[in-house]
Amino acid sequence: MKKTDVVIIGAGPVGLFAVHQLGIKGLKAVVIDNLDKAGGQCIELYPDKPIYDIPSVPECTGEELTKNLLEQIKPFKTEFFYNERVDEIKQDKDNWIVKTSNNNEFTAPSILIAGGVGSFEPRKLSNKDTGRYEGKSIFYAVKNKEEFKNKNISIFGGGDSALDWALELSKFSKITLIHRRNEFRGAPHTLSEIKKLENEGKISIKTPCQLESLEGVKNLESILIKFDDGKTEKIKTDTILSFFGLVMKLGPIAEWGLNMNKKTIEVNSENFETNKKGIFAAGDICSYPGKLKLILSGFHEVALASVECFKRARPNEKYRFEFTTSSKSIQDRLGKK
Ligand SMILES: Cc1cc2nc3c(=O)[nH]c(=O)nc-3n(C[C@H](O)[C@H](O)[C@H](O)COP(=O)(O)OP(=O)(O)OC[C@H]3O[C@@H](n4cnc5c(N)ncnc54)[C@H](O)[C@@H]3O)c2cc1C
């Protein structure tokens, strides 16, 4: 079990800035996100779109904002746990225990939920029988590409993830790229690389078709795909990778006994604490009178929540308000001379 001062759920812009606000107060945090990277909606939904209302930044994209937030928190050497969903929380006297889908456990006096509109989760294949192969032969993300070596892999999808992984994994596995349309949405230069490999017989492309059924006694052995004209084809497959995009699910957060208002968590806007002592919520997931779902509001919210987290983590110390421009201890924590 890992011990820390605050467990932050969500590595969106608000979770990232929370690391900063806790860090300058001398508090350690861990950040857990179901996605494979930081940035939340900014990176998943609009990485290239310009944002015009971040104070003192006239214009930046979702990706640039994320990059800068990560740069700003570098001095705190925070541990991030990606590809993990927080499933369970339970109280242990004055502390909280947080359990993730990867069976990691954390304990801390405070939890800060910066879960946005819920966890981003893969849209799954809907055929019957897919369930029994999930996690063994069917995957929705590549966590460690070493595990995908020397396989017969069928990749489903037409976007960048499907194309990028088809290209990458073709270096050491046999790839069949399957899409329900003839046109791919991914980057044209990746597609032309893939077409080149197809001509050399190194990748096989099947369109327009969909997964019809799966075969295999214990492990997956082959799949049957069905083309739009009704024809079918059996493909030797021991691994399926499916990239049909992401859906947002509030998921387990709704079951933690917190006061909910539609799909948001009610907080006290003095310190952003929920109805449970030591559990805070900020960013898009919290609600209070006058709440605006803006990044800048989330930044303000974590600044206030971090003060209360300090009091819980250091009950014997007095919290002192300080400016970053003049505080020696903040500057030390930021590694400034
Ligand atoms: C198209 C678009 C344009 C926008 N433009 C602007 C703009 O110009 N200006 C502006 O201020 N705002 C804008 N917004 C809104 C802004 O993106 C959100 O206010 C902001 O992303 C909220 O940040 P957050 O950190 O609270 O949540 P999110 O960005 O949603 O991040 C939450 C993270 O928590 C993770 N998570 C949730 N539950 C769990 C769990 N149980 N376990 C693990 N991880 C979990 C999710 O996977 C996600 O990564 C825009 C939004 C969209 C969709």
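Structure's up top.
**Describing the sheet that holds strand β16 (residues 209-215)**
(1) Moving on: Pairing within the open sheet is antiparallel, and its three strands lie in the order β16-β17-β18. Taken across any chain shown, the strands that pair with only one partner, and hence form the sheet edges, are β16 and β18 (232-236). Neighbour-to-neighbour, the strand axes of the sheet open up by a mean angle of 30°, direction not taken into account.
(2) Moving on: Bridge count for β16 against strand β17 (residues 222-227) is six bridges, and the pairing is antiparallel. Within β17, the residue paired with glutamine 210 across the bridge is lysine 226.

**Topic: the sheet that holds strand β13 (residues 152-156)**
(1) Moving on: Strand order across the open sheet formed by five strands is β12-β19-β13-β14-β15, with parallel pairing between neighbours. With partners counted over all chains shown, the strands left at the sheet margins are β12 (138-139) and β15 (203-206), one partner each.
(2) Moving on: Strand direction decides the pairing type here: strand β14 (residues 174-178) and β15, joined by four bridges, are parallel. Residue pairing across strands places isoleucine 175 opposite isoleucine 203, the latter belonging to β15.
(3) Moving on: In the packing of helix α6 (residues 188-199) onto the sheet, the strands contacted are β14 and β15, and the crossing angle to β15 comes to about 110°.

**Examining unusual backbone geometry**
(1) Moving on: Residue proline 208 is reached from threonine 207 by a cis peptide bond, and omega for that bond is -20°.
(2) Moving on: With respect to the secondary-structure elements, proline 208 resides in the loop between β15 and β16.
(3) Moving on: Located in the positive-phi region is lysine 77, a residue other than glycine, with phi close to 45°.
(4) Moving on: Structurally, lysine 77 can be placed in the loop between α3 (62-72) and β6 (79-81).
(5) Moving on: A positive phi angle, near 65°, is found at phenylalanine 272, a position not held by glycine.
(6) Moving on: As for its position among the elements, phenylalanine 272 is in the loop between β22 (264-266) and β23 (279-281).

**Section: the layout of surface pockets**
(1) Moving on: One number sums up the size of the second largest pocket: a volume of about 510 Å³.
(2) Moving on: Gln41, Ala114, Gly115, Gly116 and Val117 are the residues nearest the centre of the second largest pocket, which is lined by 36 residues in total.
(3) Moving on: Counting only elements with at least two residues in the lining of the second largest pocket, the list comes to α1 (13-23), α2 (40-44), β11 (119-122) and α7 (295-313).
(4) Moving on: Broken down by class, the residue content of the lining of the second largest pocket amounts to 20 nonpolar, 10 polar and six charged.

**Observations concerning the pattern of salt bridges**
Pairing between side chains of opposite charge can happen when their charged atoms approach one another.
(1) Moving on: As enumerated under the stated definition, the model contains 19 salt bridges in all.
(2) Moving on: Arginine 314 is the salt-bridge partner of aspartate 5, the closest N and O atoms lying 3.2 Å from each other. One end of the pair, aspartate 5, is in the loop between β1 (2-3) and β2 (6-9); the other, arginine 314, is in the loop between α7 and α8 (328-333), with 309 residues separating them in the sequence.
(3) Moving on: Classification of aspartate 5 as buried rests on a relative accessible area of 14%.
(4) Moving on: For arginine 314, a relative accessible area of 22% gives the class partly exposed.
(5) Moving on: We note a salt bridge from lysine 37 to aspartate 36, for which the minimum N-O separation is 3.1 Å.
(6) Moving on: Judged by relative accessible area, which is 34%, lysine 37 ranks as partly exposed.
(7) Moving on: Through salt bridges with shared partners, a single ionic network connects Asp36, Lys37 and Glu44.

Thresholds, definitions, all that
- Residues numbered from 1 in each chain as written.
- Predicted model: local features only at pLDDT ≥ 70, side-chain atom pairs only at ≥ 80, totals over all residues.
- Heavy atoms only, no water.
- Pairing = 2+ DSSP bridges.
- Helix = DSSP H or I, 4+ residues; strand = E, 2+ residues; numbered from the N terminus.
- Axes fitted to C-alpha atoms, helices over the stretch in contact; angles between N-to-C directions.
- Contact = heavy atoms within 4.5 Å.
- 1 Å grid on protein atoms, 1.4 Å probe; cavity = no way out; pocket = protein on both sides within 12 Å on 5 of 7 lines; lining within 4 Å.
- Points joined across faces, edges and corners; volume = space filled by probe spheres on them.
- Nonpolar A, V, L, I, M, F, W, Y, C, P; charged D, E, K, R; others polar.
- Salt bridge = Lys/Arg side-chain N within 4 Å of Asp/Glu carboxyl O.
- Buried < 20%, exposed > 50% of the residue type's maximum accessible area, 1.4 Å probe, protein only.

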